[in-house]
Amino acid sequence: CAQALTERRHPADKVRLLASKRSHGKQLEYAGQMLTVKEATPESFDGVDVALISASSEVSLALAPEAVKRGVLVIDDGSAYRMEPSVPLIVPEVNGEDVEWQSGIISIPNCTTTPLVMALAALRQRAKISSVTVSTYQSVTGTGAAARAELLAQSRDMLNGQELSPPTQYPHRIAFNLLPQVDDFVDDDYTKEELKMLNESRKILGDPGLRLAATCVRVPVEISHCESVSVEFDRPMSVDVAREALAEFPGIMLMDRPGESVYPMPSNSADEDEVMVGRVRRDLAHENGIILWLAADNLRKGAALNALQIMDECVKRDCVRPRVAAAV
């Protein structure tokens, strides 16, 4: 998030870096200057205009209300407030106008939901969506830095013929493997991640009856989540119309030249802001279906970039003037 703030040239003297007590005193470079991380307390938000919180639900639930009491607009990247009816869940390209009914807290969707709803929002401009089936291929940074380190360590050990240490981040090794489990299993043997995609998509798109089934898979990739998406419509839609709708939608880059092996991948979507979409084709299993493939950097559009775009949307709609920003 600090990197994304830097790219937007937010002045260093107007940024506060907050974290747990364990990180208090640590220094991080920001816009050519060294900033000191402070322990996040309720008083840390005095004089702050916008708080960007990317922490555990426990931290968000403890600090966000305290920030709001001090007149701060909170943009929360965790799951604590996503399904709260009084909290808007925002992807600016899809439902940016919803920032206008916030009462102090705005939530950011899961990093797999964001690119999906952008593609669905583009397509439903041409025809009503009847159902969606999606499979995700999620990078390890969706879990965090420790998972990335574990992937690299396991990969080195396997390539060197060394014995692997027991995995700590996942139930099985992730190196040279695929795990058809992201988060814990809950209702009907779906995982929490899969149900997040269903419920968050319904809320963002304003379609509580949306039929959506997801299968979420963790893959041995450092950055970028990919998704295979099958969309069924209430009437026929040609591939050309689908491509046109996707290409015209803000924040989407159509990368769809299969004859030249041009399509989205983790290697060409990492460190990019756009949601990349390709492999658009007719769904042979459904009469009125389209299949597509997408890739998006889960650390940028899936998280930090979306938070800052929400802040931009709030400024545009005169909801806030971000003079001092706190990143937690």
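Read on for a plain summary of the structure. (Residues numbered from 1 in each chain as written. Predicted model: local features only at pLDDT ≥ 70, side-chain atom pairs only at ≥ 80, totals over all residues. Heavy atoms only, no water.)

Examining the nonpolar core
- Counting residues in hydrophobic clusters, the biggest one holds 39 residues, and the most contacted among them are Val94, Leu246 and Leu292.
- The biggest single contributor to this core is helix 4 (residues 113-123), with 8 residues.
- Leaving out residues up to four positions away in the same chain, valine 94 has contacts with Val117, Met118, Ala121, Ile204, Leu205 and Phe249.
- Ranked by size, the runner-up nonpolar core spans 17 residues in total, among them Val48, Ala67, Val324 and Ala326. (Core = buried A, V, L, I, M, F, W, Y, C linked by side-chain atoms within 4.5 Å. Buried < 20%, exposed > 50% of the residue type's maximum accessible area, 1.4 Å probe, protein only. Helix = DSSP H or I, 4+ residues; strand = E, 2+ residues; numbered from the N terminus. Contact = heavy atoms within 4.5 Å.)

Describing the sheet that holds strand 13 (residues 289-296)
- One open sheet holds the 6 strands; their spatial order is 9-8-10-13-12-11, and the pairing between them is mixed. Looking at strand neighbours, the two that pair on one side only are strand 9 (212-218) and strand 11 (252-254), the edges of this open sheet. Geometrically, the sheet is characterised by an average inter-axis angle of 20 degrees between neighbouring strands, direction not taken into account.
- Examined bridge by bridge, strand 11 and strand 12 (residues 275-282) share 3 bridges and lie parallel to one another. Along strand 12, the bridge assignment pairs leucine 254 with valine 277.
- Running over the sheet, helix 6 (residues 192-205) touches strand 8 (129-138), strand 9 and strand 10 (225-233) and is turned about 140 degrees from strand 9. (Pairing = 2+ DSSP bridges. Axes fitted to C-alpha atoms, helices over the stretch in contact; angles between N-to-C directions.)

Brief notes about helix 2 (residues 57-69)
- Between its terminal C-alpha atoms helix 2 stretches 19 Å, which fits the 18 Å expected from 13 residues at 1.5 Å a residue.
- At leucine 63, helix 2 is deflected by roughly 25 degrees, the largest bend along its length, and proline proline 65 occurs up to four residues later in sequence.
- Where helix 2 is concerned, the buried positions are Ser60, Leu63, Ala64 and Ala67.
- Here the buried face of helix 2 lies against strand 5 (50-53), strand 6 (73-76) and strand 7 (105-107).
- A positive backbone phi angle near 80 degrees is found at glycine 71, which sits one or two residues after helix 2. (Expected span 1.5 Å × (residues − 1). Bend = angle between axes of the 7 residues up to and from the residue.)

Let's talk about the pairing of strand 13
- Most of strand 13 sits out of view: 7 of its 8 residues are buried.
- Where strand 10 and strand 13 come together, 8 bridges link them in antiparallel fashion. By the bridge assignment for strand 13, histidine 225 is matched with alanine 296.
- The sheet contact formed by strand 12 and strand 13 spans 5 bridges and is antiparallel. Residue pairing across strands places glycine 278 opposite tryptophan 293, the latter belonging to strand 13.
- Where strand 12 folds back onto strand 13 in an antiparallel hairpin, the turn is made up of 6 residues.

Section: the pattern of salt bridges
- One pass over the structure, following the stated rule, counts 20 salt bridges.
- Two residues, lysine 196 and aspartate 183, come together in a salt bridge whose shortest N-O distance is 3.8 Å. With lysine 196 in helix 6 and aspartate 183 in the loop between helix 5 (145-159) and helix 6, this pair connects stretches of sequence that are 13 residues apart.
- Here aspartate 273 ties to arginine 300 by a salt bridge, and the two come within 2.8 Å at their closest N and O atoms. Of this pair, aspartate 273 sits in the loop between helix 8 (266-269) and strand 12 while arginine 300 sits in helix 9 (residues 300-316), and the two are 27 residues apart along the sequence.
- A network of salt bridges, in which partner residues are shared, links Glu43, Asp46, Glu66, Lys69 and Arg70. (Salt bridge = Lys/Arg side-chain N within 4 Å of Asp/Glu carboxyl O.)

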